[in-house]
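Overview (structure and organization)
One letter stands for each residue in the lines below.
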Amino acid sequence: MKLRKYAIQIFVAMVLYIIVSLILEKDYSRDILIREAGEGFIFGILYGLYLFLRNRFRKKEEN
């Protein structure tokens, strides 16, 4: 999988995480926005790591 595909999936996951968190929080102050953006960034990194490892091990099994 190309780097661009990883980046797009990670970005979409981060944005969706932030939107859902803000909807559930029901508070849109600046402090909440910053906290949720930080958590979304961490979630995006972890999701990207998951995608990379899943793709790497899947390719090894196919060969």
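Above this text is the structure in question.
Now for a look at the structure at hand.

The rules behind these values
Residues numbered from 1 in each chain as written. Predicted model: local features only at pLDDT ≥ 70, side-chain atom pairs only at ≥ 80, totals over all residues. Heavy atoms only, no water. Helix = DSSP H or I, 4+ residues; strand = E, 2+ residues; numbered from the N terminus. Expected span 1.5 Å × (residues − 1). Buried < 20%, exposed > 50% of the residue type's maximum accessible area, 1.4 Å probe, protein only. Patch = residues over 30% accessible without salt bridge, like charges linked within 9 Å, V, L, I, M, F, W, Y side chains within 5 Å. Areas by Shrake-Rupley, 256 points an atom, 1.4 Å probe, with all protein chains shown as cover. Salt bridge = Lys/Arg side-chain N within 4 Å of Asp/Glu carboxyl O. Contact = heavy atoms within 4.5 Å.

Our focus in this paragraph is helix α1 (residues 3-25). Taking 1.5 Å per residue as the helical rise, α1 with its 23 residues ought to reach 33 Å, and the 33 Å between its terminal C-alpha atoms agrees with that figure. Y6, A13, M14, S21 and L22 are the residues of α1 that are buried. Positive backbone phi, at 60°, marks K26, one or two positions downstream of α1.

Here the focus is the environment of G48. Residue placement: G48 occurs in helix α2 (residues 30-62). By relative accessible area, which is 11% here, G48 ends up buried. Taking the C-alpha atoms as reference, G48 lies 19 Å from S21; in sequence the two are 27 residues apart.

On to a nonpolar patch on the surface, then. Together, I8, F11, V12, V15, L16, I19, I23 and Y28 make up a nonpolar patch on the protein surface, roughly 770 Å² of accessible area in all. Note on placement: V15 falls in helix α1. With relative accessibility at 31%, the residue V15 sits in the partly exposed group.

Right, let's talk about the side chain of E36 for a bit. Relative to the helices and strands, E36 resides in helix α2. Using a relative accessible area of 2% as the deciding quantity, one classes E36 as buried. Among all residues touching E36, those that are not within four sequence positions of it are Y17, I18, S21, L22 and E25.

Across all of its chains, the model carries three salt bridges by this definition. For the salt bridge of E25 with R35, the shortest nitrogen-to-oxygen distance reads 3.2 Å. One end of the pair, E25, is in helix α1; the other, R35, is in helix α2, and 10 residues separate them in sequence. Of the residues examined, E25 reaches a relative accessible area of 35% and is grouped as partly exposed. Classification of R35 as partly exposed rests on a relative accessible area of 38%. Among the salt bridges present, the one from R35 reaches E36, with a minimum N-O distance of 2.9 Å. Look at the salt bridges and you will find they share partners, linking E25, R35, E36 and E39 into a network.

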